[in-house]
Structures are given as C-alpha cells and as structure tokens.
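Observations on the three-dimensional arrangement
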Amino acid sequence: MKSFKSTAWILPQPVLIIGTYDKNGKPNAMNAAWGGQWDMHEIIISLGSHATTDNLAENPEFTVTFATADTMIASDYVGIVSGRNTSDKMEKAGWTVEKAPNVNAPVFKEFPMTLECRVKQKMDESETGYYLVAEIVNILCDEKYLAEDGKPDVEQMKLITFDPVHHTYIQLGKTVGNAFSDGKQLK
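One structure accompanies this document, and this report is about it. (Residues numbered from 1 in each chain as written. Predicted model: local features only at pLDDT ≥ 70, side-chain atom pairs only at ≥ 80, totals over all residues. Heavy atoms only, no water.)

Moving on, we get to the sheet that holds strand β12 (residues 168–171). Pairing is antiparallel across the open sheet formed by 3 strands, whose spatial order is β1-β11-β12. What marks the edges here is a single partner per strand, and that holds for β1 (13–14) and β12. Sheet topology note: the β1/strand β11 (residues 160–163) ladder contains 2 bridges and is antiparallel. Pairing of Pro14 across the sheet is with Thr161, part of β11. (Pairing = 2+ DSSP bridges. Helix = DSSP H or I, 4+ residues; strand = E, 2+ residues; numbered from the N terminus.)

Here you go:
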C-alpha cells in the first residue's frame, strides 16, 4: 500500500449548498463539503469565515440542500465566488428563490430536497470560522422526486459527491444493497 500524509479525504463528501439571508433579506448561497449528520435531528458543518457566517450571526436560520448533476455548475460557482465581493452572485447562479415555510431562509427551487435548519451551537468559534451544529426543523422534497412509498427517491435526484483527491464531482449511482438487512446473511 502507498502512504499519503493526513489530508481531508473522507469519501464520499456531500456537496452541501447553504442558503441564508443577509440583514436586508437578500439571499445568499455557499458550497460546503465538510458536513454531515450529527445525530437523528441535527447536522454539523465546518464553516470558514464567509458571507454565510456573517448572515448566521444576524439570523440563526438557514437551509441546506444537496447539489445534483443538474445544479453542478452553479453549485460550484457559489463555492468559488464570495457573497462579500460579488453583489450579483445569486443572479449569476440563476436559481429561483422562495422563502422557506418554517425558517427565515431561502429555498432554491432547482434542488430536489432541502433541509430547513436552525443554529443550535457554534463550536471552536474564531475569526477563521467554526463548527456549526444545527437542528433540522423540517425537510422539503419536490414531489417529482418521491418514490412509490412517498419518501424521497435518492437515485432519481442525481446527487453528486465531492472527490477531494482529484477535485472533481462524481454523480452517485445505483442502489447496491439494503442497509440493516443484507448483513443478516452472515448471522
């Protein structure tokens, strides 16, 4: 086996789009890869210092959605351009924005599923950022992405993952097994 120095290579990494409003109600979005489920009703995201963290200091509510193959270009764009420096960032992204029903944050209609969230805790806060733990208040899913059982159909969403090794995006593929079930074959 070849050895590599320690680096951020946990795989797969979600491509999270975080939506906030600034103090004047203007929507903003950023791309974040370092996040995941914290417990049953909470998520954690590692955030540097961004317009998003400025916005969260004013309003602790936000949305999180998952980038797809169809939203990849604009999702990458909102990760490489700062809302602090680019006043027309959201216009260039081209997303349709509406207010979330349960939190004071934007929903971007081009994405299949959105988590409505509220800041619960900021850990290790400094001028360079912090770890954000947030409560999931509600989950919205476009009905065209629901499976026959009425729940979100993840395969149909064409979600992408960030490959930190090669700096690429990879579309997630097909179902290959059943969690909490297939392992029973070895009992």
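So, on to the side chain of Glu116. Mapped onto the secondary structure, Glu116 falls in strand β9 (residues 113–126). Here the side chain of Glu116 touches Asn102 through a polar contact of 2.7 Å, landing on its backbone nitrogen. Only 3.4 Å separates the side chain of Glu116 from the backbone nitrogen of Val103, close enough to count as a polar contact. Sequence-distant contacts of Glu116, defined by excluding residues within four places in its chain, comprise Phe62, Thr63, Ala100, Pro101, Asn102, Val103, Glu135, Ile136, Val137, Asn138 and Leu140. (Polar contact = N/O pair within 3.5 Å; in protein donor to acceptor, adjacent residues only side chain to side chain. Contact = heavy atoms within 4.5 Å.)

With that out of the way, let us pick up the sheet that holds strand β5 (residues 42–48). One key point about sheets: their strands pair by backbone hydrogen bonds, in either a parallel or an antiparallel sense. Sheet architecture is open: 7 strands sit in the order β3-β2-β6-β9-β10-β5-β4, paired in antiparallel fashion. Bordering the open sheet on either side are β3 (27–32) and β4 (35–39), each of which pairs with just one other strand. Direction aside, the axes of adjacent strands within the sheet are offset by 35° on average. Docked against the sheet, helix α1 (residues 51–58) engages β2 (16–21), β3, β5, β6 (61–66), β9 and β10 (129–141), running at close to 45° with respect to β2. The strands touched by helix α2 (residues 72–80) within the sheet are β2 and β3, with β3 carrying the most contacts at an inclination of about 95°. (Axes fitted to C-alpha atoms, helices over the stretch in contact; angles between N-to-C directions.)

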